[in-house]
Amino acid sequence: MERVKNAAGANMPPETGQMLGERIACSQRMREAIDLWRRVYENDAPWLEEGRVKGMNLLPAISSEVARLATLEFDWKVEGSDRAAFLSRQIEPVKQRLRQCLEYAVGKGGLVFKPYLADGKILVEMVQADAFFPLETGPDGKIIGAVFLEQVRKGEKCFTRMEEHHMTDKGVLVSNRAFVSAGSALLAHEIPLDTLREWGGLERQVILQGRTFPLFVYLKMPFGNTVEPESALGVSIAARSMDLLEEADRQYSRLLWEYEGGELAVDADSTYLTGGRMPQTTRRLFRSLNTGADFYHVYNPDFRDESLRAGLNDLLRRIEFSCGLSYGIVSDPGQREMTATEIVSAKQRLFSTVKEVQNSVENALEELLDVMNYWADFLPGVPAGGYRSDYQWDDSILIDTTAEKTQFLQEIAAGVRQPWEFRVRFLGETKEQAKAVCGTSDTVGTDSLSDRLPV
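The present account deals with the structure reproduced in this document.

Quick word on the overall build of the chain
Per the secondary structure count, the chain includes 12 helices and 15 strands. Looking at the chain alone, contacts between residues at least 24 apart form 64% of all its contacts between residues at least 6 apart. Accessible surface computed for the chain: about 24200 Å², of which carbon and sulfur atoms make up 49%.

Below, the structure written as structure tokens:
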């Protein structure tokens, strides 16, 4: 048995769209755009040609860097009760996989968190943007109905499960249907759910009462949707840069060809290279010609790589700007000098992009925790109680922590700040803890200049 396309990475077959018809809250143009982002992310862009155009893998590189910066020093705590302690244990796998899955969301435009119960635990399926169909949106524009696919291959047969979520007046209606196929049509023949042992315990249709919000959470990327502005779906960070990515791949291929086509070679008449007189060196250095004349020529052209590299770097900088990144993420920062103002502006642009991604992630995780809390009521032995969540994000993209520490120490030495302020800022201690360690009491004369300034 092989899970060839599970709900965390399946590419939607066209017959799914045909079956759901007009219920899909996504236009054909938007579906094609999502498929394009998927192909570019997987280095399978339509403009790549074997032997002519090679991909630079720019979209996964950009997505990986944004996800890394967004989750740098990330921490998520759930506290407040025994119920909170239980939820805290359940979110650990989500925290461990968040950076990787956020990379998929940045590259493809979104991600769905779908919690479910399994063996007394709450597990969370992370469904990529190309692996579900939105069916319905609420008054606030959020997706409240969708279809997800899970596929399992056994030998020559491919089994597909279609899971649909729909909001009703009584609660969330969840329905399951199973299909089998031996060919390209993945939804060829409908079969009972218990055909596969993995799906035998699933209900064909069930209403989960008391729930007024969906049992899944859509993490939408904060970038503007230029493909379909009214769509509830997010877009890839490079949605506006597809043409630039294509041209960058082509320019990169020209550079590679310049190196390959400009290799040192010796063109010589075949009489020079026969009769045991073949030079003892790499054979691709010598190229035999039947000229019928005394001919021997060294092919050693000058490389034009500098101009090609400069052109490629200019394209990469335009991609960085279009994606809301600072220069140097994928381009070579050494090829062009920048003023201090340009450097600060570029860092602020990147900080803004990462901060918006972090805000989207935090909102989605808060909704995810609400769904997990709902599922916890179905598990025996899980205590009731409230919870509070706390999120920690790193801001070192814009702030040079080392320089800030140095400035703090200089101000402490000058008497402008107190030592306990350093511990609060950089060691994570509370004001009371830091003052206790430093032996400082809350008396007149021990406060810093910042405490004495008027609000």
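Side note on the nonpolar core
The biggest cluster of nonpolar side chains holds 99 residues, and the ones touching the most others in it are W76, L102, F113, I237 and L365. Residue contributions to this core peak at 13 residues, all from helix 8 (residues 340-376). Other than its neighbours up to four places away in sequence, L102 contacts A67, A70, T71, L219, M221, V357 and V361. One finds V180, I191, L193 and W199 within the second-largest nonpolar core, a separate group that totals 8 residues.

Some words on the pairing of strand 6 (residues 143-154)
Side-chain positions along a regular strand alternate between the two faces of the sheet. Strand 6 sits mainly inside the fold: 10 of its 12 residues count as buried. Relative to strand 6, strand 5 (residues 132-137) runs antiparallel, the two being bridged by 5 bridges. Residue F132 lies in a different strand from strand 6, and its bridge partner there is F148. The pairing of strand 6 with strand 7 (residues 157-167) spans 9 bridges and is antiparallel. Following the sheet pairing, K154 is matched in strand 7 by K157. Here strand 6 hands over to strand 7 after 2 residues, with G155 in that stretch at a positive phi of 65°.

Quick look at the packing of aromatic side chains
As enumerated under the stated definition, the model contains 9 aromatic pairs in all. Relative to Y104, the ring of Y41 has its centre 6.0 Å away and its plane inclined at 80°; by these criteria the two rings are edge-to-face. Of this pair, Y41 sits in helix 2 (residues 28-41) while Y104 sits in helix 5 (residues 92-108), placing them 63 residues apart in sequence. An angle of 20° between the planes, with centres 5.8 Å apart, marks the rings of W76 and Y391 as stacked.

Things to note about the sheet that holds strand 4 (residues 121-128)
Ordered in space as 4-3-11, the 3 strands form an open sheet in which the pairing is antiparallel. Pairing within the sheet leaves two strands with one partner each, and these edge strands are strand 4 and strand 11 (217-220). Direction aside, neighbouring strands of the sheet carry axes that sit 25° apart on average. When strand 3 (residues 110-118) meets strand 4, the two strands line up antiparallel, connected through 8 bridges. Following the sheet pairing, K114 is matched in strand 4 by E125. In the packing of helix 8 onto the sheet, the strands contacted are strand 3, strand 4 and strand 11, and the crossing angle to strand 3 comes to about 20°.

Considering the packing of helix 3 (residues 58-71) against helix 5
At a closest axis distance of 8 Å, the pairing of helix 3 and helix 5 adopts a crossing angle of 130°. Taken together, the axes of helix 3 and helix 5 lie oblique to each other. Classified by chirality, the crossing of helix 5 by helix 3 is right-handed. In this structure, helix 3 uses L59, P60, S63, S64, V66, A67, R68, A70 and T71 to contact helix 5, whose residues at the interface are L98, R99, L102, E103, V106 and G107. When its residues are assigned to classes, the contact of helix 3 with helix 5 shows 8 nonpolar, 4 polar and 3 charged.

Section: the environment of R417
Mapped onto the fold, R417 is located in the loop between helix 9 (401-413) and helix 10 (419-426). When its relative accessible area of 22% is taken as the criterion, R417 is described as partly exposed. Here E411 takes part through its side chain, which lies 2.4 Å from a polar atom of the side chain of R417. Within the structure, R417 has its side chain in polar contact with the side chain of E421 (distance 3.3 Å).

A short note on unusual backbone geometry
Working note: non-glycine residues mostly have negative phi, and peptide bonds are mostly trans. You will see that N43, though not glycine, has its phi angle at about 60°, which is positive. On the basis of relative accessible area, N43 is assigned to the partly exposed category, the value being 31%.

Quick look at helix 5
For helix 5, spanning 17 residues, the distance from its first C-alpha to its last is 24 Å, which sits close to the expected 24 Å at 1.5 Å a residue. The principal kink in helix 5, of about 55°, is found at L98. Listed in full, the buried residues belonging to helix 5 are V94, L98, C101, L102, E103, A105, V106, G107 and K108. Two residues or fewer past helix 5, G109 is found with a positive phi of approximately 110°.

Section: the environment of K220
With respect to the secondary-structure elements, K220 resides in strand 11. We classify K220 as partly exposed; its relative accessible area is 36%. Spatially, the C-alpha atom of K220 lies 9.3 Å from that of K142, the residues being 78 residues apart in sequence. What K220 contacts, discounting residues up to four positions off in sequence, is G109, S231, A232, L233, G234 and S360.

What counts and what doesn't
- Residues numbered from 1 in each chain as written.
- Predicted model: local features only at pLDDT ≥ 70, side-chain atom pairs only at ≥ 80, totals over all residues.
- Heavy atoms only, no water.
- Helix = DSSP H or I, 4+ residues; strand = E, 2+ residues; numbered from the N terminus.
- Contact = heavy atoms within 4.5 Å.
- Areas by Shrake-Rupley, 256 points an atom, 1.4 Å probe, with all protein chains shown as cover.
- Core = buried A, V, L, I, M, F, W, Y, C linked by side-chain atoms within 4.5 Å.
- Buried < 20%, exposed > 50% of the residue type's maximum accessible area, 1.4 Å probe, protein only.
- Pairing = 2+ DSSP bridges.
- Phe/Tyr/Trp six-rings, centres within 6.5 Å; stacked < 30°, edge-to-face > 60°.
- Axes fitted to C-alpha atoms, helices over the stretch in contact; angles between N-to-C directions.
- Parallel < 35°, antiparallel > 145°, perpendicular 65-115°, else oblique.
- Left-handed = near helix turned anticlockwise from the far one by under 90°.
- Nonpolar A, V, L, I, M, F, W, Y, C, P; charged D, E, K, R; others polar.
- Polar contact = N/O pair within 3.5 Å; in protein donor to acceptor, adjacent residues only side chain to side chain.
- Expected span 1.5 Å × (residues − 1).
- Bend = angle between axes of the 7 residues up to and from the residue.

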